[in-house]
Amino acid sequence: MAIDRPCGTFDRDYAQDMAIVRTRLQWGLLAAGLAFLFTLPIYSSNHIIHLFNYIGITLIAVQGLNILTGYTGLLNLGQAAFMAAGAYTSGILTAKFGVSFWVALPCSAIVAGLLGLVFGLPSLRIKGFYLAMSTLAAQFIIISAIVNVRPDLTGGWSSLIVPVPKIGDFAFNNQFRMFYLIMPIALLVTFFAKNLVRTGAGRAFVAIRDNDLAAEVMGINIYRYKLLAFFICTVFAGIAGSLWAHWMRAIEPSIFGLHNSVWLLGMVIVGGMGSISGAVFGTIFIRVLDEVAKALVPVISLVFPALSGNISAALSPIFFSIVIVLFVILEPRGLAHRWQILKISYRLNPFAY
Amino acid sequence: MIKRISRFAWVVALVLVALTLALSCAPKEQVTPAGKKPTEIWLRGSAAMTGIYAASLLPAAEAIKEAVDLINTERGGIDGVPWKVELLDDAGDVAKATATYEQLKVKEPRANMMVFMTTSGVAEALRERFNEDKICVMLPSGSATAIYPAGNTFCIVISHPDGFGFFIDWLAETQPKPVKLGLLNWDSTFGRSIMTDECTNYAKSKGVDIVATELFGIREMDLTTQLTKIKNAGATWVFTNTLGFGTVTVLKSVDALGLKGKMNFAGGHFAMDYDVLRVAEALTEGFVGPHSMVTWDEADNPYVAERRKAFDAAERPDSYRAQPFLVFKGWMTYVADIHEAAIEEVGWENLDAEAFKAQIVKTKDLKLPWTILNYSADKPETNWARMVQFKGGKVLPITDWRKAPDLRPAQYKK
């Protein structure tokens, strides 16, 4: 931790050593950043607010995945399906049973978390590629269950229309209002994740990731902590799913397909596994990349008219794939590592020796 | 500790102030100044121009642009105002489509009517927003969830369930009973839209037994297992609610099993298009389905003759010779007529979605050169169709126009 500290900053007690925000400058930057974020919708277009809402929801799911995959070293290829579990729990409770969104949100987190515990059980016996296959099963089983078990409740393959969240008569019925619902939750989840990884549980996660045998020898109950990591990961997915449902106001199973699980994992990789800020960077980077791909289509259509119809179809996934490959080869520690390097160079300033 | 709490309190206070400021400065609904005749009128919308449906829907988007250009050239736009079109890509993805819609709905001058050439899932997801934002939307077709209860969304093609009912009527009238039917649908909102109680019960009431129902994934290429199951269930007819490459996949699997000639095959409206014919002409012979529009092969229809001439003159790629380039000029002409009728009735100053809706629901059994349209306040989809057949590399009608049965979900019937 000390390596990130600006030059001349020393801790005088444990409280200072434990603090997430350490210096006046950091407090100032945090306040300015939050003020900027929360005033952003005033001077942004509807499209930008929509993009930020999308990033906010995705970030919640990615933070969860980062705790499981990045910190605990357990691969999860079914995060989108756990989002689906949260989305459908919230959607069904609010649309079919008239439950308030504010009750449905924690319920969806718990349901997704419990499902995570069930599908996390194989992690007690298997790991690596085999665990990936097991979570892949979760991806298919959950979606299949949504479609087939109670289509009268879920709508099957058709969309389930979900009501907007309300506080009294105040409805979160546009992007602007949803921003003020999604962003605080995304920030809280990020804050929770940041704190979690500094607790005993967080350190146990890292120990399991680095060497589970050694962790067990040290007295860490690896079963408990593996399941805890699964639970937290999927609770986050459940929250993201619930927000997604009420943001989109309609959900269908194909939204939560395998490709979305892969994209979420890609965000963790690009951001840097095992880094809270990396999850933020990765989410923003990939979502903005998607926008760039969209913006490039007219340019490509102008330069290569014959390709316009076909190349644009593939542009976004092509960019995504290239970015993943480049990051894995050139910067496996992700954007977070680049950010670390930047901070270290700042720390040494003006004594760059 | 106290210092930390006080810092935290400062941050919270700042955030609260920012939040209050933000909410008090919330952008108001943008309203186009009403009253005067504008200098241009916009038709906005989105299409799945990329993604797996792009092969069918990119030409559709191009066809809309071409049709609007033609209307501007031929009749000087709408009430003398140039008509402009802006279609964005939504890739058939709900999140992207919502983003696209959010972009479009606030654009000035406001478009009170939009067109969406996209997937059933997108149409379902956006339905409530169309109603809330008071925007009238036209779709080619949609699932029941996308259009019911009737709101601001209208379709120009019979719905998938009604189309299926139309096919059942034809089957019951022309085939010896009992007819044993197998369903082979895409495992998607679109594919499953005919797997409703209304459809099943209607088939039964007409003496058609649905003996097997099989599904397949959109990316699945081998359907021999599903077809074998349908055959073993004793089906003599197979109906597939798919389009384009989905229908081709069915036909190729039929060929692989050597079932051609041993069983009969049919598909929904969108299966009966030229993209299927182009890819698998030899396999399509005899394939039938309900269809709401004229086809490129009805050369004696003056509208079709004119479109054929224009298509050839524009030297479009052969891959564009599908329904959109044939019928969208007619569709856009109808939309332009609706605009002009609404303007005449309420004036430019009151031109809004309600004015458009009022005109659309007045459309009763309207015979147009390319289709027959029929709308009502509680049924925002047309219900006229014919059975057509792939025959000798052509799509030819085998029945006259008639109304399809009403198979919308029971709760939406008045």
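Residues numbered from 1 in each chain as written. Chains lettered and ligands numbered in written order. Predicted model: local features only at pLDDT ≥ 70, side-chain atom pairs only at ≥ 80, totals over all residues. Heavy atoms only, no water.

Caption draft 1: Structural context of the overall build of chain B. Regarding its fold elements, chain B presents 15 helices and 15 strands. Among the 414 residues that make up chain B, the fraction classed as buried is 56%. Here the contacts in chain B between residues at least 6 apart in sequence split such that 71% fall between residues at least 24 apart. Across chain B, the 48 positively charged side chains and the 51 negatively charged ones have centroids separated by 4 Å. (Helix = DSSP H or I, 4+ residues; strand = E, 2+ residues; numbered from the N terminus. Buried < 20%, exposed > 50% of the residue type's maximum accessible area, 1.4 Å probe, protein only. Contact = heavy atoms within 4.5 Å. Lys, Arg positive; Asp, Glu negative; His and termini not counted. Charge placed at Lys NZ, Arg CZ, Asp CG, Glu CD.)

Caption draft 2: Just the environment of Thr190(A), in detail. Residues and elements named next belong to chain A. Relative to the helices and strands, Thr 190 resides in helix α8 (residues 175–196). Accessibility expressed as a relative area gives 15% for Thr 190, which makes it buried. Thr 190 sits 130 residues away from Ile 60 along the chain, and the two C-alpha atoms are 7.3 Å apart. Those residues within four positions of Thr 190 in sequence are excluded, and the remaining contacts are Leu 59, Gln 63, Ile 276 and Val 280.

Caption draft 3: Here's a closer look at helix α6 (residues 129–148) of chain A. Relative to the 28 Å expected for 20 residues at 1.5 Å per residue, α6(A) spans 28 Å between its end C-alpha atoms, a close match to the ideal helical length. What α6(A) keeps buried is the set Leu131(A), Ala132(A), Ser134(A), Thr135(A), Leu136(A), Ala138(A), Gln139(A), Ile142(A), Ile143(A), Ile146(A) and Val147(A). Looking at the buried residues of α6(A), the elements they touch are α4 (79–97), α5 (101–120), α7 (151–154), α11 (222–248) and α12 (258–271) of chain A together with α7 (189–192) of chain B. (Expected span 1.5 Å × (residues − 1).)

Caption draft 4: Quick peek at the pairing of strand β3 (residues 113–117) of chain B. Residue and element names in this part refer to chain B. Burial analysis of β3 places 5 of its 5 residues in the buried class, the great majority of the element. Burial along β3 is two-sided: Met 113, Val 115 and Met 117 and Met 114 and Phe 116, pointing in opposite directions, are all buried. In terms of strand pairing, strand β1 (residues 41–47) meets β3 through 4 bridges, oriented parallel. Bridge pairing in β3 links Gly 45 to Val 115. As paired elements, β3 and strand β4 (residues 136–139) share 3 bridges and run parallel to each other. Opposite Val 115, over in β4, you have Met 138 as the bridge partner. (Pairing = 2+ DSSP bridges.)

Caption draft 5: Looking closely at the packing of aromatic side chains. Tallied over the full model, the rule gives 39 aromatic pairs over all chains. Between Phe176(A) and Tyr180(A), the ring centres sit 5.5 Å apart and the planes meet at 65 degrees, which makes this aromatic pair edge-to-face. Here Tyr180(A) and Phe176(A) lie together in helix α8, a separation of 4 residues that amounts to about one turn. For Tyr180(A), a relative accessible area of 11% puts it in the buried group. In this structure, Arg224(A) packs its charged tip against the face of Tyr225(A), placed 5.1 Å from the ring centre. Over the aromatic face of Trp296(B) sits the side chain of Arg321(B), whose NZ or CZ is 5.4 Å from the ring centroid. (Phe/Tyr/Trp six-rings, centres within 6.5 Å; stacked < 30°, edge-to-face > 60°. Lys NZ or Arg CZ within 6 Å of the ring centre and 35° of its normal.)

Caption draft 6: Expanded view of the pairing of β4(B). All names here are of chain B. Side chains of β4 alternate between two faces, with Cys 136 and Met 138 and Val 137 and Leu 139 buried alike. Read as a crossover between parallel neighbours, the route from β3 over helix α4 (residues 120–132) to β4 is right-handed. Relative to strand β5 (residues 153–155), β4 is paired through 3 bridges, and the arrangement is parallel. Following the sheet pairing, Met 138 is matched in β5 by Phe 154. (Right-handed = clockwise from strand over helix to strand, strands pointing away.)

Caption draft 7: Focus on a nonpolar patch on the surface. All names here are of chain A. A cluster of nonpolar side chains, namely Ile 318, Ile 322, Val 325, Leu 326, Val 328, Ile 329 and Leu 330, defines an oily patch on the protein surface of about 650 Å² accessible area. Mapping Leu 326 onto the fold places it in helix α14 (residues 308–330). Judged by relative accessible area, Leu 326 falls into the partly exposed class, the value being 43%. (Patch = residues over 30% accessible without salt bridge, like charges linked within 9 Å, V, L, I, M, F, W, Y side chains within 5 Å. Areas by Shrake-Rupley, 256 points an atom, 1.4 Å probe, with all protein chains shown as cover. Salt bridge = Lys/Arg side-chain N within 4 Å of Asp/Glu carboxyl O.)

Caption draft 8: Representation of the nonpolar core. With 111 residues, the main nonpolar core has Ile60(A), Leu243(A), Trp244(A), Ile251(A) and Phe256(A) as its most contacted residues. Looking at this core element by element, the count peaks at 16 residues for α11(A). Counting residues in each nonpolar core, the second largest holds 108 residues, with Ala48(B), Val81(B), Met387(B) and Val388(B) among its members. (Core = buried A, V, L, I, M, F, W, Y, C linked by side-chain atoms within 4.5 Å.)

Caption draft 9: Region of interest: the domain arrangement of chain B. All names here are of chain B. What the domain assignment reports for chain B is domain 1 (41–158 + 297–382) and domain 2 (161–291 + 402–412). Look at where the C-alpha atoms of domain 1 and domain 2 centre, and you get two points 27 Å apart. Contacts between the two partners involve 25 residues from domain 1 and, on the opposite side, 24 residues from domain 2. Buried area between domain 1 and domain 2, both sides added, is near 2,100 Å², and the carbon and sulfur share of it is 62%. At the junction of domain 1 with domain 2, the criterion picks out 4 salt bridges. Residue Lys 379 is joined to Asp 406 by a salt bridge in which the shortest nitrogen-to-oxygen separation is 3.8 Å. Remark: the boundary between domain 1 and domain 2 carries 7 residue pairs in polar contact (both at pLDDT 80 or more). Those elements that provide at least two residues to the side of domain 1 that touches domain 2 are α4 and α14 (323–346). Residues that form the side of domain 1 that touches domain 2 fall into these classes: 10 nonpolar, 7 polar and 8 charged. (Domains from an automatic or database assignment. Buried area = accessible area lost by both parts, 1.4 Å probe. Polar contact = N/O pair within 3.5 Å; in protein donor to acceptor, adjacent residues only side chain to side chain. Nonpolar A, V, L, I, M, F, W, Y, C, P; charged D, E, K, R; others polar.)

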